Amino acid sequence: MKSAVETLNPTRVRLTVEVPFEELKDSLDAAYKKINQQVTVKGFRKGKVPARVIDQRFGRGAVLEEAVNDALPKFYTDAVNEAELSPLGQPEVDITELKDGETLNFTAEVDIRPAIEIPDYSGIEVEVDAVEVTEEDVDKSVEQLRERFASTSPVERAAEDGDVVTIDLEAKVDGEVLEDGVASGVSYTIGSGELLDGIDDAVKGVEAGGEATFTSELKGGSAAGKEAEVTVKVTQVAKRELPELDDEFAQLASEFDTLEELKADSRKRLENMKQYDQATQAQERVLEKLLELVEVPVPEKLLEDEINTRKHNLEHHQLGQMGLDLAKYLEIQGKTEEEFETETREAAVKGIKTQFVLDELVKQEKLNVNQEELTEHLMRRAASSGMSPDQFAQAVVEQGQVPLLVGEVARGKALAVVVEKATVKDTNGEIVDLEDEEEDEAAESEAAESEAAQTPAEEKTEG
């Protein structure tokens with residue numbers, strides 16, 4: 001077999017392959033054997049029909065077609081390996097010449113990973129938010145905890161903002177009560193914004209036994225997005241009572257004996273959260289700076305596939321679960337279809353570029369992934385998916401996704417290398433040291449995943 005490579009553009013090549021006919025022998029034998037098992041010829045036992053009889057009865061062309069279809073993947077793969085290419089997706093194959101007993105010639109056009117040169121990135125500088133926890137932050141955190149321990153007691157008066165009301169709901173569209181538009185005994189805190197738009201104004205001022213009617217756009221269900229006439233009946237009004245902020249509350253709500261100890265713990269937790277956010281912010285901004293330094297051609301076919309994948313996931317998974325279609329989603333977001341298309345394309349381009357650059361860094365820095373790192377990453381992914389680690393691991397293995405997880409971890413490590421050499425300052429001008437913090441290791445992986453793991457580029461890699 002002889003092959004040659006023609007570069008069509010930085011992300012696409014054409015392979016020209018010439019195969020001597022004798023190299024088709026194994027595939028021809030396999031073709032005759034396969035046809036033998038499928039046909040019946042009078043006078044011959046099944047599977048024992050001679051090749052010359054198959055040629056006479058069914059045509060040599062049918063045998064050649066079967067043999068070529070069987071052989072092409074191997075010859076294509078051999079040509080790819082010989083040229084040391086990294087193809088993306090399936091090739092477009094064209095048989096240019098097939099002479100029985102002489103030769104098989106074909107061409108294969110395919111997208112490839114572009115050659116990327118990573119420049120010196122040690123001079124990257126980024127600014128991140130300073131880690132500052134105010135008294136107001138601490139008070140807000142303690143107040144949220146206090147809200148969780150609130151109690152309610154029924155009152156005989158009209159409902160007010162902050163009250164917990166028990167209500168029955170009935171929704172009509174075009175005068176017809178919806179099958180899924182009736183609910184009884186719903187507990188709702190006025191002002192929480194957790195139900196329908198307009199319900200707060202409707203129930204305020206209504207006593208137990210009273211009812212009100214209002215118009216609202218339904219957020220989910222069979223008539224999602226439609227205007228409905230909603231009747232709400234209040235069956236009970238209850239006042240929320242918050243516990244006193246004192247040592248007794250601290251003992252009730254935590255393992256601490258005093259309110260001051262509880263506040264100190266809240267401050268520490270907030271600092272840890274902001275340090276994590278700061279580390280994540282550093283990853284994202286260093287990544288943006290790195291991408292600005294590198295010229296990355298993006299294969300057009302891969303880009304279109306990625307755009308379509310993102311749209312499909314949004315429309316059929318995320319929005320579907322919320323009972324919305326794309327048009328309604330864009331209306332809520334205040335975006336035009338053109339703006340959505342532009343944003344989706346930009347995100348897809350960034351995702352593909354991120355994967356290419358970080359994968360190149362993995363090779364350049366000779367980074368490996370050990371079992372412990374892979375296990376830790378699998379545990380995080382399982383937690384975010386809502387599955388148990390065992391369930392998630394089984395799904396990953398069954399779907400052949402282990403190499404994808406390894407790639408995600410490796411890219412996280414590659415980004416960590418860049419961050420380590422970057423200068424990170426906070427908004428106060430102080431140097432931020434991101435080393436030796438366990439939280440940062442998780443943030444490094446998550447930052448890489450947020451940009452790279454979403455793109456299916458690696459899934460499309462062949463050879």
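Residues numbered from 1 in each chain as written. Predicted model: local features only at pLDDT ≥ 70, side-chain atom pairs only at ≥ 80, totals over all residues. Heavy atoms only, no water.

For clarity, the cut-off: UniProt positions are given in the numbering used here, feature names are shortened, and annotations may be inferred rather than shown by experiment.
Naming follows an unreviewed UniProt entry, where the protein appears as Trigger factor of Streptomyces marokkonensis. Listed under Function (unreviewed entry) in UniProt, the entry text for the protein is "Involved in protein export. Acts as a chaperone by maintaining the newly synthesized protein in an open conformation. Functions as a peptidyl-prolyl cis-trans isomerase." Quoted straight from UniProt, the Catalytic activity (unreviewed entry) entry for the protein says "[protein]-peptidylproline (omega=180) = [protein]-peptidylproline (omega=0)".

**Focus: the pattern of salt bridges**
Quick reminder of the rule: The salt bridge definition used is simple: a Lys or Arg side-chain nitrogen within 4 Å of an Asp or Glu carboxyl oxygen. Runs of H or I in DSSP of at least four residues are treated as helices and runs of E of at least two as strands, each being numbered from the N terminus. In this scheme, a residue with accessible area under 20% of its type's maximum is buried, one over 50% is exposed, and one in between is partly exposed, where area comes from a 1.4 Å probe on protein chains only.
Across all of its chains, the model carries 32 salt bridges by this definition. One salt bridge connects K311 with E341, and the closest N-O pair in it is separated by 2.7 Å. In this pair, K311 sits in helix α8 (residues 300-322) while E341 sits in helix α10 (residues 337-364), placing the two residues 30 residues apart along the sequence. You can call E341 partly exposed: its relative accessible area is 32%.

**Observations concerning the UniProt feature "domain: PPIase FKBP-type" (unreviewed entry) in the protein**
On the UniProt side, "domain: PPIase FKBP-type" (unreviewed entry) is annotated at positions that read residues 162-215 here. Regarding residues 162-215, the helix share stands at 9% and the strand share at 54%, and the terminal C-alpha atoms are separated by 22 Å.

**Structural notes on a nonpolar patch on the surface**
Here is the rule: Grouping into patches uses exposed residues only, defined as over 30% relative accessible area, and leaves out salt-bridged ones; the cut-off is 9 Å for like charges and 5 Å for nonpolar side chains (Val, Leu, Ile, Met, Phe, Trp, Tyr). The Shrake-Rupley method, run with a 1.4 Å probe sphere, supplies the accessible areas, and residue values consider only the shown protein chains as cover.
Together, V93, I95 and L98 make up an exposed nonpolar region whose accessible area comes to about 210 Å². Among the structural elements, L98 can be located in strand β3 (residues 87-99). On the accessibility criterion, L98 (35% relative accessible area) is partly exposed.

**Observations concerning the confidence of the model for the protein**
So the rule is basically this: A score between 0 and 100, pLDDT records how confident the predictor is in each residue. Should any heavy atoms of two residues lie within 4.5 Å, those residues are considered in contact.
A residue-level look at the protein finds 94% of positions with pLDDT of 70 or above and a mean pLDDT of 89. This stretch, residues 436-463, has a pLDDT under 50; its non-local contacts, to residues over four places away or in other chains, come to 69 contacts.

**Looking at the sheet that holds strand β1 (residues 2-9)**
Going by this rule: Two strands qualify as a pair provided DSSP detects at least 2 bridges between them. Here the axes come from fitting lines to C-alpha atoms, over the contacting stretch only for helices, and the angles between their N-to-C directions go from 0 to 180 degrees.
Strands sit in the order β1-β2-β4-β3 across an open sheet of four strands; the sheet is antiparallel. Unpaired on one side and paired on the other, β1 and β3 mark the two borders of the sheet. If you compare each strand with its neighbour and ignore which way they point, the axes differ by 20° on average. In the sheet, strand β2 (residues 12-20) pairs with strand β4 (residues 103-112) via nine bridges, with the strands oriented antiparallel. Of the residues in β4, the one forming a bridge with V17 is F106. Along the sheet, helix α3 (residues 60-83) contacts β1, β2, β3 and β4; its crossing angle with β3, the most-contacted strand, is approximately 125°.

**Brief notes about the environment of G323**
Following the sequence through the fold, G323 ends up in the loop between α8 and α9 (326-333). By relative accessible area, which is 32% here, G323 ends up partly exposed. Counting along the chain gives 105 residues from G323 to L218, while the straight-line C-alpha distance between them is 9.7 Å. In contact with G323, other than residues within four places in its own chain, are K219 and A224.

**Some thoughts on the pairing of β4**
Along β4, ten of the ten residues are buried, which leaves the element largely enclosed by surrounding structure. Residue alternation in β4 divides its side chains into two sets, T103, N105, T107, E109 and D111 and L104, F106, A108, V110 and I112, and both sets are buried. Where β3 folds back on β4, the antiparallel hairpin that results is connected by three residues, among which G101 adopts a positive phi of roughly 85°.

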